[in-house]
Amino acid sequence: DAGVTQSPTHLIKTRGQQVTLRCSPISGHKSVSWYQQVLGQGPQFIFQYYEKEERGRGNFPDRFSARQFPNYSSELNVNALLLGDSALYLCASSLWQGGVQPQHFGDGTRLSIL
Amino acid sequence: ILNVEQSPQSLHVQEGDSTNFTCSFPSSNFYALHWYRWETAKSPEALFVMTLNGDEKKKGRISATLNTKEGYSYLYIKGSQPEDSATYLCAFALETLSNSGYALNFGKGTSLLVTP
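What counts as what
Residues numbered from 1 in each chain as written. Chains lettered and ligands numbered in written order. Predicted model: local features only at pLDDT ≥ 70, side-chain atom pairs only at ≥ 80, totals over all residues. Heavy atoms only, no water. Helix = DSSP H or I, 4+ residues; strand = E, 2+ residues; numbered from the N terminus. Rg over C-alpha atoms; globule rule 2.2 N^0.38 Å. Buried < 20%, exposed > 50% of the residue type's maximum accessible area, 1.4 Å probe, protein only. Contact = heavy atoms within 4.5 Å. Areas by Shrake-Rupley, 256 points an atom, 1.4 Å probe, with all protein chains shown as cover. Lys, Arg positive; Asp, Glu negative; His and termini not counted. Charge placed at Lys NZ, Arg CZ, Asp CG, Glu CD. Disulfide = S-S within 2.5 Å. Pairing = 2+ DSSP bridges. Axes fitted to C-alpha atoms, helices over the stretch in contact; angles between N-to-C directions. Buried area = accessible area lost by both parts, 1.4 Å probe. Salt bridge = Lys/Arg side-chain N within 4 Å of Asp/Glu carboxyl O. Polar contact = N/O pair within 3.5 Å; in protein donor to acceptor, adjacent residues only side chain to side chain.

Peer 1: Before we move on, can you summarise the overall build of chain B with the specific residues and values?
Peer 2: Counting its secondary structure elements, chain B contains zero helices and 11 strands. The C-alpha radius of gyration computed for chain B amounts to 14 Å, which stays within 12% of the reference 13 Å derived for 116 residues, consistent with globular compactness. By principal-axis analysis of the C-alpha atoms, chain B measures approximately 50 × 30 × 20 Å. Across the 116 residues of chain B, 48% fall into the buried class. Excluding contacts between residues fewer than 6 apart, the proportion of contacts in chain B whose partners are at least 24 apart in sequence is 54%. Split by element, the accessible area of chain B, about 5800 Å² in all, is 46% carbon and sulfur. Distance between charge centroids for chain B: 3 Å, based on 9 positive and 11 negative side chains.

Peer 1: An account of the environment of Met50(B) is requested, with residue identities and associated values reported.
Peer 2: All names here are of chain B. Within the fold, Met-50 resides in strand E5 (residues 45-50). For the pair formed by Met-50 and Pro-82, sequence separation is 32 residues and the distance between their alpha carbons is 26 Å. Not counting the four nearest positions on each side in its chain, Met-50 is found in contact with Phe-30, Ala-32, Leu-33, Trp-35, Asp-55, Glu-56, Lys-57, Ala-64, Thr-65, Leu-66 and Ser-73.

Peer 1: Now, about the state of the cysteines: what can you tell me, with residues and values included?
Peer 2: Residues and elements named next belong to chain B. Counted by the stated rule, this structure contains two disulfides over all chains. A sulfur-sulfur distance of 2.0 Å marks the disulfide that ties Cys-23 to Cys-90. Across the S-S bond of Cys-23 and Cys-90 the torsion is about 80°, and the bridge reads as right-handed. Taken together, the positions of Cys-23 in strand E3 (residues 19-24) and Cys-90 in strand E9 (residues 86-95) put the pair 67 residues apart, joining distant regions of the chain.

Peer 1: Give me the lowdown on the sheet that holds strand E8 (residues 72-77) of chain B, citing residues and values where you can.
Peer 2: Residue and element names in this part refer to chain B. Read across the open sheet, the five strands follow the order E1-E3-E8-E7-E6; overall the sheet is antiparallel. Each edge of the open sheet carries a strand with a single partner, namely strand E1 (5-7) and strand E6 (56-59). On average, each strand axis in the sheet is tilted by 15° relative to the strand beside it, whichever way the strands run. The pairing of strand E7 (residues 62-67) with E8 spans six bridges and is classified as antiparallel. For Ser-63, the partnering residue across the bridge sits in E8 and is Tyr-76.

Peer 1: Give me the interface of chain B and chain A: which residues, what numbers.
Peer 2: Frequently, the measure chosen for interface size is the accessible area removed from exposure when the parts meet. With 24 residues of chain B in contact, the opposing surface of chain A contributes 24 residues. Across the chain B/chain A interface, buried area totals approximately 1800 Å², and carbon plus sulfur atoms make up 62% of it. Between chain B and chain A we count zero salt bridges in total. The tally of links between chain B and chain A comes to eight residue pairs in polar contact (both at pLDDT 80 or more). Only strand E4 (32-38), E5, E9 and strand E10 (102-106) of chain B provide two or more residues apiece to the side of chain B that touches chain A.

Rendered as structure tokens:
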């Protein structure tokens, strides 16, 4: 069975540009969460989507947005990129949105801002 | 944002040694505590989800305990092997402000290196 897949693997952008990251959850999983991980820190929660609705948003500016599609895949968009947005972006899926559900993570997208 | 603290930050042991790490979290409004193993160049892998005070979980040589009243969890590895080398993350599940979802608040992790 395919795990969580994320694309692209790596991405280089310049300040002020916009970026879209994509995530396909494990088949049957209806919840997708996004996390940002910078070097030396644990992953930080950005968004959770369940059944195509936003169920949670972390402490990130409005430049960050996301959506979930009818097939439960998800996109994370970041506008007006800043140097500080350079990080590993992880997508995780679970059967439903509850906190007792183990998260299944993708390999991440490494975003570098020049 | 709730503080989840992990110690030690890093650990270097010899093959065959047993080791343990600590995760501290807020004891109020506890819902669930997660443990993940993150090997280099791979994705984080779920080890345990713990919900009940006094809970003990085991997976092979790895086990974990939970004390929700005092706000800590221990992860134990018995007879460490080089393939156990990874970063071990704990995360506190917190209900989102919309009260319809959950976010994981991660610690910074414990980096374990096991040498032959």
